[in-house]
Amino acid sequence: MKSATFRIMSTVIAIIISSLIVYALSHAGKSTKGPIENVMTYTGDVVKGIEQKIIVEQREDTRKDKLKWLDPYFENKKLLLHPPKILFGAYDNDMKENFESIVSLEDSLHTTFPLLHIYIPWGSKPEEKFPVSEVKNIISLGSIPVITWEPWLNTFNEEQYPDGIKPKDPNKNGMRDIANGIYDSYIEEWAVSARKINKPIFLRFGHEMNDGYRYPWGPQNNSAPDFIAAWRHIHDLFLKEGAKNVIWLWSPHPAYDFKDFYPGDSCVDYVGVGVLNYGTVATWSKWWTFKEIFGRDYVQLAKYNKPIMITEFGSLAVGGNRSKWFADALDSIPQHYPLLRSILYFHKSDDNTTTQQTLSWYFKDDHPVTSGIMKQVNKWKQ
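This section reports on the structure supplied with the text. Please read all numbers here as calculations on a predicted model, not as lab measurements.

### Topic: the pattern of salt bridges
Right, on to step 1. Applying the stated rule across the entire model yields 12 salt bridges.
Right, on to step 2. For the salt bridge of Glu-106 with Arg-63, the shortest nitrogen-to-oxygen distance reads 2.4 Å. Of this pair, Glu-106 sits in helix α5 (residues 100-109) while Arg-63 sits in helix α2 (residues 33-66), and the two are 43 residues apart along the sequence. For the pair shown, Glu-106 and Arg-63 are each scored as buried.

Spelled out as structure tokens, the structure:
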């Protein structure tokens, strides 16, 4: 295990080197704006990489020991398509900086997650490329990556487009443009990077594509046939590049009709759905039970006869008893929902995507919640 002194010194050295490089480039004039931005991004990644490496090394052996049972899943993708038990995982918004936050959540639940979830947008920026470092670190920790891949098309540079002219609104009919090959170079880069990982990766492209209010890849900008064409085109490019290790996760919004957006059995491995209880935080929400949110949707999702993943699982504390909500939700899940094969906690402290106020889905320090979760899960016979 690396000492705390080594960790501090390594970080300080990286910061000093980064500062000297940026200082030198800043005197080169405005013409070097691009190189300066690239160096700042690179040096920031260096610092982050050192932090990640230290966290990974500190936890690598102990986590891998706890997840030894998961080793066969890395070598046999079919086990993930039909796992004999429900696989837990989580997304934490601080995990992109380092793994301390997710480890803290695991410690509060006395568990080790076989799945770790990250969100990556489309675009030309370095942070929009395939997250090689994050994926490798997740695997080094003994877990399997789940990537939500969000097609925000407005962040691409002009060079992405055949005539060098960026559309006024790239999101308008963006799925059609994906299907027509406009973004093939970007997709192929992702496919090659995914193939090189040579370990299973869940890929959740264009989630909640049937919601016409939230994301630009929704039906306000795209037709259902265009979404399906985009999905199939991406799937085909990945297969062409040999990225057969990818597990394709289709995840509609349950509040809207989704049957017309299904890409087909041959290119979907899992069906995903979010289960988030917003309580009484807004005029449009109320305190919904897990059964009210997921129970009615399970019947429709089960018709696809695919393993089901709850991709975002959580509850706010406004309007009801959150610990009881989690306990009731997890009560006898294996018996009631046999196709449910994975649950990912949504552990975000600064969610401002749905309401004007910032919401926190954090529960790691809420002892009644964590103890209630552990009690219910420990009763499962899997």
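### A look at helix α11 (residues 322-330)
Right, on to step 1. Most of α11 sits out of view: 7 of its 9 residues are buried.
Right, on to step 2. Within α11, burial applies to Arg-322, Ser-323, Trp-325, Phe-326, Ala-327, Ala-329 and Leu-330.
Right, on to step 3. With its phi angle positive at about 60 degrees, Ser-332 sits one or two positions after the end of α11.

### Considering the sheet that holds strand β7 (residues 308-315)
Right, on to step 1. Spatially, 8 strands are ordered β1-β2-β3-β4-β5-β6-β7-β8 in a closed barrel, and the strand pairing comes out parallel. The mean angle between the axes of side-by-side strands here comes to 30 degrees, regardless of whether they run parallel or antiparallel.
Right, on to step 2. Alignment of strand β6 (residues 270-277) against β7, held across 7 bridges, turns out to be parallel. Bridging from a neighbouring strand, Gly-272 pairs with Met-309 of β7.

### Notes on the nonpolar core
Right, on to step 1. Trp-122, Phe-238, Trp-250, Phe-313 and Tyr-345 are the most contacted members of the largest nonpolar core, which totals 97 residues.
Right, on to step 2. It is helix α9 (residues 224-240) that provides the largest number of residues to this core, a total of 7 residues.

### A short note on the side chain of Asp-226
Right, on to step 1. Along the polypeptide, Asp-226 turns up in helix α9.
Right, on to step 2. Judged by its relative accessible area of 14%, Asp-226 is buried.
Right, on to step 3. If we ignore the near neighbours within four places in the chain, the residues touching Asp-226 are Met-175 and Arg-176.

Conventions adopted
- Residues numbered from 1 in each chain as written.
- Predicted model: local features only at pLDDT ≥ 70, side-chain atom pairs only at ≥ 80, totals over all residues.
- Heavy atoms only, no water.
- Salt bridge = Lys/Arg side-chain N within 4 Å of Asp/Glu carboxyl O.
- Helix = DSSP H or I, 4+ residues; strand = E, 2+ residues; numbered from the N terminus.
- Buried < 20%, exposed > 50% of the residue type's maximum accessible area, 1.4 Å probe, protein only.
- Pairing = 2+ DSSP bridges.
- Axes fitted to C-alpha atoms, helices over the stretch in contact; angles between N-to-C directions.
- Core = buried A, V, L, I, M, F, W, Y, C linked by side-chain atoms within 4.5 Å.
- Contact = heavy atoms within 4.5 Å.

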